[in-house]
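Here's the letter readout for the chains.
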Amino acid sequence: MIAFVVAAALALNTPPVASPDDSDVPIPAAIKAMLDAAFDSGNEGEVSTIVKYARRADPASGDAVLTLANKWRADRAAARNETIRQAGVFDLWSGRAELGGWRTSGNSDTLGLSAILDATREGLNWRHKFRAQADYIENQGTTTREHYLASYEPNYKIDDRLYIYGSSLYEADRFLGYENRVSVSAGAGYSVIKSRAVTLDIELGPAFRYISFTNGTSQNSPAGRGTVDFRWKLLPGLTVSQTGSAYAQRYNSTVSGTTAIDAKLIGPLSAKLSYYVQYESEPPVGSVSTDTTTRAALVYAF
């Protein structure tokens, strides 16, 4: 369709517009107008599409069209880098806030609440990731689930795909047998897939864990940590994701993962349905190994 529009515009025999370099072949005015409109939109995908079909429709001005597009990309990158350099520590954060809950009364009296905050700050050399999560369920006046989590992870970028990470994680879940659990780790991460539709990041490194159990005992030991973060944009407003992490240690190993589907509603709002599972290889006496949570939440992107 775009190729037809470009060809039709050229058929109008509009006068050419001088390219940035006077020695180059002038760019037809129709193509230049479409390029300018794509530049104004700020959409990289639209610019790439216009450039692709403009070069096919008028090969003579193809190099000049590509020169303009590359200059636009370079100017955008320079402006973005300057904005990052001048930003303060509380600037440039983006992320998502999720809130879900339910309440029943009558034959059953149940209260459930779930809240998650994910925030990321992208810098020139550093990336900072923060996550906070709380789950609470009460049935007939008795608490049946209470899980809290907070994590912070700085990444130092070696190149476009490889980075070094540091990680600190705090958890509290007395129904899984521990009052407090602190895990720290450092290692390497790599973006295996990095495209507009699909991303896949993996991390691996040594770790250390301290656990304070509900029975009054405590434990600490070295461990190994690995994570995977997979996201697939099926449609412009529909995304499927799978995240997982594993801590392997001498006394108790933990594996957890979340499978989710996210559907855009309107503006920054979307609906999310997710399934979370957490497995402990050696839980304390009286606790089961596997805990699962199904969430339906409203998500606000910022």
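Our structure's up above, just so we're on the same page.
Basis of the calculations
- Residues numbered from 1 in each chain as written.
- Predicted model: local features only at pLDDT ≥ 70, side-chain atom pairs only at ≥ 80, totals over all residues.
- Heavy atoms only, no water.
- 1 Å grid on protein atoms, 1.4 Å probe; cavity = no way out; pocket = protein on both sides within 12 Å on 5 of 7 lines; lining within 4 Å.
- Points joined across faces, edges and corners; volume = space filled by probe spheres on them.
- Helix = DSSP H or I, 4+ residues; strand = E, 2+ residues; numbered from the N terminus.
- Nonpolar A, V, L, I, M, F, W, Y, C, P; charged D, E, K, R; others polar.
- Pairing = 2+ DSSP bridges.
- Axes fitted to C-alpha atoms, helices over the stretch in contact; angles between N-to-C directions.
- Parallel < 35°, antiparallel > 145°, perpendicular 65-115°, else oblique.
- Left-handed = near helix turned anticlockwise from the far one by under 90°.
- Contact = heavy atoms within 4.5 Å.
- Expected span 1.5 Å × (residues − 1).
- Buried < 20%, exposed > 50% of the residue type's maximum accessible area, 1.4 Å probe, protein only.
- Arc of directions from axis to C-beta.
- Polar contact = N/O pair within 3.5 Å; in protein donor to acceptor, adjacent residues only side chain to side chain.
- Core = buried A, V, L, I, M, F, W, Y, C linked by side-chain atoms within 4.5 Å.
- Salt bridge = Lys/Arg side-chain N within 4 Å of Asp/Glu carboxyl O.

On to empty space enclosed by the protein, then. All told, the structure shown has one cavity of 30 Å³ or more when counted by the stated rule. Size it by volume and the largest cavity reaches roughly 50 Å³. If you trace the largest cavity, you find it lined by L176, Y178, R181, I211, F213, N252, E280, E282, P283 and P284. The set of elements that each furnish at least two residues to the lining of the largest cavity consists of β8 (178-194) and β9 (198-213). Of the residues contributing to the lining of the largest cavity, the split by class is six nonpolar, one polar and three charged.

Read once around its circumference, the closed barrel built from 12 strands follows the order β3-β4-β5-β6-β7-β8-β9-β10-β11-β12-β13-β14, with strand pairing classed as antiparallel. For this sheet, the mean inter-axis angle between neighbouring strands, taken without regard to orientation, is 20 degrees. By the bridge criterion, 12 bridges tie strand β3 (residues 93-104) to strand β4 (residues 110-122) in an arrangement that is antiparallel. From the neighbouring strand, R96 faces β4, where its bridge partner is D118.

Another point: the packing of helix α3 (residues 44-57) against helix α4 (residues 62-86). Relative orientation of the contacting elements α3 and α4 amounts to 165 degrees, with a least axis distance of 9 Å. As judged from the angle between their axes, α3 and α4 are roughly antiparallel. In the packing of α3 onto α4, the handedness of the crossing is left-handed. Between α3, through E44, V47, S48, V51, A54 and R55, and α4, the contact on the second element is made entirely by G62, D63, V65, L66, A69, W72, R73 and R76. Of the residues assigned to the contact of α3 with α4, the class counts are seven nonpolar, two polar and five charged.

A few words on α3. Turn by turn, an α-helix covers 3.6 residues, leaving residues three or four places apart pointing in a common direction. Its 14 residues place the ends of α3 20 Å apart at the C-alpha level, agreeing with the 20 Å of an ideal helix rising 1.5 Å per residue. Where α3 is concerned, the buried positions are V47, I50, V51 and A54. One face of α3 carries all of its buried residues, which in axial projection span an arc of 100 degrees. The residue sitting at the N-terminus of α3 and contributing the capping side-chain oxygen is N43; that oxygen lies 2.8 Å from the backbone nitrogen of G45.

Pairing of strand β6 (residues 142-157) with strand β7 (residues 162-173) involves eight bridges; the strand directions are antiparallel. Bridged to A150 within β7 is Y170. Between the antiparallel neighbours β6 and β7 lie four residues. Where β7 meets β8, 11 bridges bridge the pair, whose relative direction is antiparallel. By the bridge assignment, S168 is partnered in β8 with V184. Linkage of β7 to β8, two consecutive antiparallel strands, is achieved through a turn of four residues, within which G177 is found at a positive phi near 100 degrees.

On to the nonpolar core, then. In this structure, I27, I31, L35, F39, V47, V51 and V65 are the most contacted members of the largest nonpolar core, which totals 15 residues. Within the residue set of this core, elements represented by two or more residues are α2 (29-41), α3 and α4. In terms of nonpolar packing, the next biggest core, distinct from the first, is built from five residues, L149, L169, A207 and A223 among them.

This next bit is on the pattern of salt bridges. For the structure shown, the criterion picks out 24 salt bridges. With a shortest N-O distance of 3.0 Å, D36 and K32 are connected by a salt bridge. Within this pair, D36 and its partner K32 are both found in helix α2, separated by four residues, close to a single helical turn. A salt bridge links K71 to D75; its shortest N-O distance comes to 2.9 Å. With K71 and D75 both in helix α4, this residue pair falls four residues apart, about one helical turn. Exposure remark for K71: the relative accessible area of 47% places this residue in the partly exposed category. Using a relative accessible area of 42% as the deciding quantity, one classes D75 as partly exposed. When salt bridges with common partners are traced through the structure, they connect D135, R145, D173, D291 and R295 into a single cluster.

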